[in-house]
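Geometric and topological summary
Read off the chains here:
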Amino acid sequence: MLPVLGILFGLFVAFTAAQVWSDSDRATAAVSREASSLRAVTLLASGLPPEQETRLRGLVRDYVEETVAVEWPMMARQAASLKAAPPALTAALRLVVSTPAQNPGQQTTQHEIITNLNSALDARRQRIIVSQTEVDSIKWWCLYLQAICELLVIALVHCDNRLGSAIAMGLFATGVATSVLLIAAHDRPFTGQISIAPTPLLQIMPDKEASR
């Protein structure tokens, strides 16, 4: 029974950790894609008339500031919602669509800006969705129950050797605690000391002088 239960516990840990790592990778990829799309928007803005370029850069800056100051803490509390579209990006889309193209080059630029703004909106949706995912309680209880069963079997197998039983149970309990701590620390990608930070968005945020 001891090897069988040990293998089952290992499989439970592997399946649970796989979900957590997948969510973390998805969150990181979404933030990176959002930052890359917004960076492309600020670069392509130079192909628009000066007034529209300045306005567009300002809207991108407003969006990043609001995301960092408001949306990131809400994602940490799993309170972010997709019900309302971000006002700054919505205004940026309206601005680009309403700007008349003066030549084919500007028309191509507008098309690329709209594509990247839509990509940024999609990446935002993805990171908010991921921020609301976590390991459900049933998986945690199954993991704990399997660990308790393994500890009981270890105690029964080594019942004639108390010292050996205590050492074996202590080592296994340490392994269980380490596994649970590692999974719990990465369970919610935007919560905790090792959470995903908005650094990529801050790095691409246009300067105030360039946004005026």
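A short tour of the structure in this document, coming up.

Cut-off values and rules
- Residues numbered from 1 in each chain as written.
- Predicted model: local features only at pLDDT ≥ 70, side-chain atom pairs only at ≥ 80, totals over all residues.
- Heavy atoms only, no water.
- Phe/Tyr/Trp six-rings, centres within 6.5 Å; stacked < 30°, edge-to-face > 60°.
- Axes fitted to C-alpha atoms, helices over the stretch in contact; angles between N-to-C directions.
- Helix = DSSP H or I, 4+ residues; strand = E, 2+ residues; numbered from the N terminus.
- Parallel < 35°, antiparallel > 145°, perpendicular 65-115°, else oblique.
- Contact = heavy atoms within 4.5 Å.
- Nonpolar A, V, L, I, M, F, W, Y, C, P; charged D, E, K, R; others polar.
- Polar contact = N/O pair within 3.5 Å; in protein donor to acceptor, adjacent residues only side chain to side chain.
- Salt bridge = Lys/Arg side-chain N within 4 Å of Asp/Glu carboxyl O.

Remarks on the packing of aromatic side chains
If you walk through the whole model with that rule in mind, you get 4 aromatic pairs. Aromatic ring contacts, followed pair by pair, group Trp140, Trp141 and Tyr144 into a single cluster.

Regarding the packing of helix H5 (residues 137-157) against helix H6 (residues 162-187)
Where H5 contacts H6, the two axes come as close as 9 Å, and the packing angle between them is 170 degrees. Of the possible angle classes, the one that applies to H5 and H6 is roughly antiparallel. Between H5 and H6, the contacting residues are Trp140, Leu143, Tyr144, Ala147, Glu150, Leu151, Ile154 and Ala155 on the first element and Ser165, Ala168, Met169, Phe172, Ala173, Val176, Val180, Ile183, Ala184 and Asp187 on the second. Looking at the contact of H5 with H6 residue by residue, the classes come out as 15 nonpolar, 1 polar and 2 charged.

Focus: the environment of Thr133
Counting through the fold element by element, Thr133 comes out in the loop between helix H4 (104-131) and H5. Distance in space between the C-alpha atoms of Thr133 and Asp23 is 7.6 Å, their sequence separation being 110 residues. Filtering out sequence-adjacent residues up to four positions away, Thr133 remains in contact with Asp23, Gln78, Asp187 and Arg188. Polar side-chain contacts of Thr133 include one of 3.4 Å to the side chain of Asp23. Of the polar contacts made by the side chain of Thr133, one reaches the backbone oxygen of Val130; its length is 2.7 Å.

Here we look at the pattern of salt bridges
If charged atoms from side chains of opposite charge come close, those side chains can pair. Under the defined criterion, the tally for this structure stands at 8 salt bridges. For Arg61, the salt bridge goes to Glu65, with nearest N and O atoms at 3.2 Å. Taken as a pair, Arg61 and Glu65 lie in helix H2 (residues 50-76) at a separation of 4 residues, close to a single helical turn. Arg125 serves as the salt-bridge partner of Asp122, at 3.5 Å between the closest nitrogen and oxygen. Of the two residues, Asp122 and Arg125 both sit in helix H4, 3 residues apart, roughly one turn of that helix. One salt-bridge network, in which partners are shared between bridges, spans Glu34, Glu71, Arg124 and Arg127.

What is shown is where atoms sit, not what they do.
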